Amino acid sequence: MLVLSRKLNQSIMIGDDVEIIIVSVDRDQVKLGIKAPREIAVHRSEVYQEIQRANESAATSILETDDEKLETGTANPAVLRAAPKNKTTKTP
Amino acid sequence: MNMNSALGTETISSSDMPNNLSKDVTMESTTIRQTEVRHFVDLPRFGSFHYTDSETIAFPWGLPGFADLRRFVVLTSPSTENVIWLQSLERLEIAIPLTDPWRMFGDYSPSLPESALLSLEIQAPEDFAIMNVLVAESADGEVRQFLNLLAPVVINLKKKIGRQVMLEGTTYTVRTPVATYQTEAETIDAFEAHHGDE
């Protein structure tokens, strides 16, 4: 892991397109500004890790058992339907 | 019908033809009508399954926890109603259960960040499907289900690309309780304890 020291208002470049700026430092809280292209998602790590754990748990799901699988028929391709139009919005 | 070849494609051999025709007719290796190559896999969790290239969905960014898995199919299994399984084609033991969130949360209104819409090349609302990861946990004879409403799986239906998208500035959670039910064993015990040996 690369460790760099920065002072207030200094910044770090990641690749050519991402910049992280130290916006404020207040005791144990650091406020970071992130400049990145719109197609790159930026998120707090702990949320990402929680999603990761949920996926790993879901992948070894207990929803169906091996016994059930043997008794029932074979799996079929699923047909996906579009999300309801009036429910999904775009974050401004 | 002929068996599948080792390559997983169906072929029709001359032995399928009635005897009086087999001498006169030559079968070309390509069939007359254009059919897509059908791939066959033996899935550890669902048994035999077949799919075409156009049924494959790409996940260019993988999924959190499975960043290296890029090719999936979606399937349903008779033993799990209302669940659509996101089955990895690269690690056959990995299949993630997804479900339609509006079945349980009629007011779910995810606001998708621009990064998601751009990266998935979504242009119109009818272009994409949204489903959420279902987690089932068993403890003390109870099965609890949770739905990840914070990070829906979004799939561009036209381009066949998908991504798990984290919603921003939202109160939705990763572990939203869905249903709690007792396992069958527990229910029988409870019934017998209540009714005794009748």
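Residues numbered from 1 in each chain as written. Chains lettered and ligands numbered in written order. Predicted model: local features only at pLDDT ≥ 70, side-chain atom pairs only at ≥ 80, totals over all residues. Heavy atoms only, no water.

Moving on: unusual backbone geometry. The residue Asn 9 of chain A is not glycine, and still its phi comes out positive at about 75 degrees. On the secondary structure map, Asn 9 of chain A appears in the segment before strand 1 (11-14). Exposure remark for Asn 9 of chain A: the relative accessible area of 58% places this residue in the exposed category. With a phi close to 60 degrees, Lys 160 of chain B is a non-glycine residue in the positive phi region. Among the secondary structure elements, Lys 160 of chain B is positioned in the loop between strand 10 (153-156) and strand 11 (161-164). (Helix = DSSP H or I, 4+ residues; strand = E, 2+ residues; numbered from the N terminus. Buried < 20%, exposed > 50% of the residue type's maximum accessible area, 1.4 Å probe, protein only.)

With that out of the way, let us pick up the nonpolar core. In this structure, Leu 80 of chain A together with Phe 49, Phe 59, Leu 86, Ile 96, Leu 112 and Val 154 of chain B are the most contacted members of the largest nonpolar core, which totals 58 residues. The greatest single-element share of this core, amounting to seven residues, is contributed by strand 8 (residues 128-139) of chain B. Not counting chain neighbours up to four residues away, the residues in contact with Leu 112 of chain B comprise Thr 88, Thr 89, Lys 90 and Thr 91 of chain A together with Leu 117, Phe 128, Ile 130, Pro 152, Val 154, Val 165 and Leu 167 of chain B. (Core = buried A, V, L, I, M, F, W, Y, C linked by side-chain atoms within 4.5 Å. Contact = heavy atoms within 4.5 Å.)

A word on the interface of chain B and chain A. By a widely used convention, the size of an interface equals the accessible area lost when the partners come together. Across the boundary between the two partners, chain B contributes 68 residues, which contact 40 residues of chain A. For the pair chain B and chain A, the summed buried surface comes to about 4600 Å²; carbon and sulfur atoms form 63% of the total. The largest per-residue losses of area from chain B upon contact with chain A belong to Arg 45, Pro 64 and Met 166 of chain B, which jointly make up 14% of the total buried on that side. One can count two salt bridges joining chain B with chain A. With its nearest N and O atoms 3.7 Å apart, the salt bridge here joins Lys 90 of chain A to Glu 114 of chain B. Viewed at the interface, chain A and chain B are joined by 11 residue pairs in polar contact (both at pLDDT 80 or more). When residues of the side of chain B that touches chain A are assigned to their parent elements, the largest contribution, 10 residues, is made by strand 8 of chain B. Along the lines of polarity and charge, the residues of the side of chain B that touches chain A split into 41 nonpolar, 16 polar and 11 charged. For strand 4 (residues 76-77) of chain A and strand 4 (residues 71-77) of chain B, the ladder comprises two bridges, and the chain directions are antiparallel. Directly across from Asn 76 of chain A, in strand 4 of chain B, lies its bridge partner Thr 76 of chain B. (Buried area = accessible area lost by both parts, 1.4 Å probe. Salt bridge = Lys/Arg side-chain N within 4 Å of Asp/Glu carboxyl O. Polar contact = N/O pair within 3.5 Å; in protein donor to acceptor, adjacent residues only side chain to side chain. Nonpolar A, V, L, I, M, F, W, Y, C, P; charged D, E, K, R; others polar. Pairing = 2+ DSSP bridges.)

Purely geometric stuff here, so don't read any function into it on its own.
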